[in-house]
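Listed below, chain by chain, are the residues.
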Amino acid sequence: MEMKKNRRGFLKEAGLLGLGAAGMGSLPGCTTEETGTESAAVEKAWTSDPEWLKVKYGEWSGPGVPVGPGPMDHVLVKDYAPRSSVIAPQTFIPKAKFPVIDVHLHHYPAQEKGKRPKEALEEWVKTMDEVGIEKSVILTVATGSQFDMMVDFYLNSYPDRFQLFCGVERNDIDKPDFPERAVKELERCYSLGARGVGEVTDKGYGITGDPRLAPNERMHFDDVRLDPFWSKCAELNIPVNLHLADHPSSWQPPDVFQERTPIFQQFNQYGSDGVPYDELLNYLPKLLTKQPETTFIACHLANLGNDLQRLGETLDTHPNLYLDISARDYEVGRQPRAAAKFLSQYSGRVLFGTDMGMDKGMYQGWWRLLESADEHMPGRSWWRYYGLELPDDVLLKLYRENALKVLNWT
Ligand SMILES: [Zn+2]
């Protein structure tokens, strides 16, 4: 059936096929075959839909030119890559202005195809030297023998260039000995060199991320079973990197109003039965209030980079909260004035991180975004970025001083 093909093709484009329980329920505009309205929805004439016009054109209320079929109608959103004709300064910043501590990385050398991990690690250190990264913090998410392997891999080879965070024990969370077991494993990892915990993720199914668990079996950040663990982090003076929720667009349907490009729809969880975005966000203030002695770093600007006002209020209320800016280039890059103001106002609270692999150009893209005043730069989303031109004192804190303060280096 044609309608079925449409829906499958649509899901495939959106990268959503086979997401199962963690995936989506029904899609708006893609109703069931029985009703027979799907193809009508797919072919809907959006250009005359009042809501569509408002979202797309705002106060302009339309394109101001006649609307009709055109030679670009075959181009798909996922392929669209407009070549800019703007003639403006393009600043190349090969190396960061100050030595940088990158607080958000993962075990990338193991993912390099066609290279031995050690070889990839050596190349990474060379790149770090070239772009001005003094230290990289690996959020291993690992415990047990997996963590031991990371210690051997990073700390024995480059003790001055890498720092490790360990994970939280995730086995048998329903057993009565879990709280004690989790604390013991943390102490063990600490004795081997772990200087933080992370990243601890909850995108709606609790920290094990298991969609098969019933809602009352999931372990969210404010779960009493985790209390001794967070307290132990405070006692050891190590921070916890938290990943709460995700970009808000992940809870919006993958339709014409979806904010992020098709490639990001692999993270879409619209219609999933996990905790919804707004409710998820409440776990952070609850945890921060409950554990005032523990230092938390909410990564990706706490997934509130789209609402800097609310993010600032959260920082005002909770002195034990810090942020990392990793993977939110597209948030600060699209609101450069507000973001520069925010980063200045909260200059003691935001840490630099990337979370995007080991590519030299990726690092240099960050320097251009944060240090230059360039305009209309290509970025990772459909919108372009604008340089924040951060002053030296703000850059210094963001790049290294806050990390030196928050992370336990000794
Ligand atoms: Zn990460």
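Residues numbered from 1 in each chain as written. Predicted model: local features only at pLDDT ≥ 70, side-chain atom pairs only at ≥ 80, totals over all residues.

Peer 1: What exactly am I supposed to notice about the sheet that holds strand β3 (residues 162–166) here?
Peer 2: To summarise the sheet geometry, strands pair through backbone hydrogen bonds and adopt either a parallel or an antiparallel arrangement. A sheet is described by the order of its strands in space; here 8 strands give the open sequence β1-β2-β3-β4-β5-β6-β7-β8, paired in parallel fashion. Each end of this open sheet is capped by a strand with a single partner; those strands are β1 (100–105) and β8 (350–351). The pairing of strand β5 (residues 240–244) with strand β6 (residues 296–298) spans 3 bridges and is parallel. Its bridge partner lying in β6, Leu242 is registered against Ala298. Each of β2 (133–139) and β3 is contacted by helix α5 (residues 144–155), which is oriented at about 170° to β3, the strand it contacts most. (Pairing = 2+ DSSP bridges. Helix = DSSP H or I, 4+ residues; strand = E, 2+ residues; numbered from the N terminus. Contact = placed C-beta atoms within 7 Å. Axes fitted to C-alpha atoms, helices over the stretch in contact; angles between N-to-C directions.)

Peer 1: When you look at the pairing of strand β7 (residues 321–324) in this model, what are you seeing that I'm missing?
Peer 2: Strand residues, when the strand is regular, have side chains that alternate between the two faces of the sheet. Every second residue of β7 is oriented toward a common face, with Leu321 and Leu323 on one face and Tyr322 and Asp324 on the other, all of them buried. Judged from the 3 bridges that link them, β6 and β7 form a sheet pairing that is parallel. Paired with Ile297 across the bridge in β7 is Tyr322. Note on the crossover from β6 through helix α10 (residues 308–317) to β7: the handedness is right-handed. (Buried ≥ 20, exposed ≤ 12 C-beta atoms within 10 Å, placed from the backbone. Right-handed = clockwise from strand over helix to strand, strands pointing away.)

Peer 1: Would you mind going over unusual backbone geometry with me for this structure?
Peer 2: Among all residues except glycine, the phi angle is most often negative; among peptide bonds, the trans geometry is most common. Note that the residue after Gly198, namely Glu199, is joined by a cis bond; omega there is -10°. Structurally, the position occupied by Glu199 is in strand β4 (residues 194–202). At Ala327, a residue that is not glycine, the phi angle is positive and equals roughly 55°. When you line up the elements, Ala327 lands in the loop between β7 and α11 (329–332).

Peer 1: Would you take a moment to explain helix α7 (residues 227–236) for this structure?
Peer 2: Note: α-helices contain 3.6 residues per turn, so residues at a spacing of three or four share the same orientation. Taken residue by residue, α7 has Phe229, Trp230 and Cys233 as its buried positions. All buried residues of α7 project into a common sector of 95° when viewed along the axis, lining one side. Buried residues along α7 sit against α6 (178–192), β4 and β5. Within two residues after α7, Asn237 carries a phi angle of roughly 60°, on the positive side. (Arc of directions from axis to C-beta.)

Peer 1: Where do I start with α5 in this structure?
Peer 2: Its 12 residues give α5 an end-to-end C-alpha distance of 16 Å, which sits within 8% of 16 Å, the value for a rise of 1.5 Å per residue. Listed in full, the buried residues belonging to α5 are Phe147, Met150, Phe153 and Tyr154. Taken down its axis, α5 places every buried residue within 120° of arc, on the same side. Set apart from the buried face of α5 by more than 90 degrees, the exposed residues are Ser145 and Asp152. (Expected span 1.5 Å × (residues − 1).)

Peer 1: What am I meant to see in the environment of Phe178 here?
Peer 2: Residue position: Phe178 is located in helix α6. When the 19 C-beta atoms within 10 Å are taken as the criterion, Phe178 is described as partly exposed. Sequence separation between Phe178 and Arg225 is 47 residues, and the spatial gap between their C-alpha atoms is 7.3 Å. Setting aside residues up to four positions removed in sequence, Phe178 forms contacts with Asp172, Ile173 and Arg225.

Peer 1: For this particular structure, what's the right way to read the environment of Tyr322?
Peer 2: With respect to the helices, strands and loops of the structure, Tyr322 is situated in strand β7. Classification of Tyr322 by C-beta neighbours within 10 Å gives buried; the count is 25. Once the C-alpha coordinates of Tyr322 and Leu351 are considered, the two residues, 29 residues apart in sequence, prove to be 7.5 Å apart. If near-sequence neighbours (up to four positions away) are discounted, Tyr322 is found in contact with Thr295, Phe296, Ile297, Arg349, Leu351, Asn402 and Val406.

Peer 1: Is there a simple way to think about the nonpolar core in this case?
Peer 2: Among soluble globular proteins, nonpolar side chains are generally buried collectively. If you look at the biggest cluster of nonpolar residues, it comprises 90 residues, and the most contacted ones within it are Ile138, Cys166, Val197, Leu242, Ile297, Ala298 and Leu323. By residue number, the principal contributor to this core is helix α13 (residues 360–371), which donates 5 residues. The residues contacting Val197, other than those within four sequence positions of it, are Phe165, Cys166, Val168, Leu186, Cys233, Ile238, Val240 and Asn241. (Core = buried A, V, L, I, M, F, W, Y, C linked by C-beta atoms within 7 Å.)

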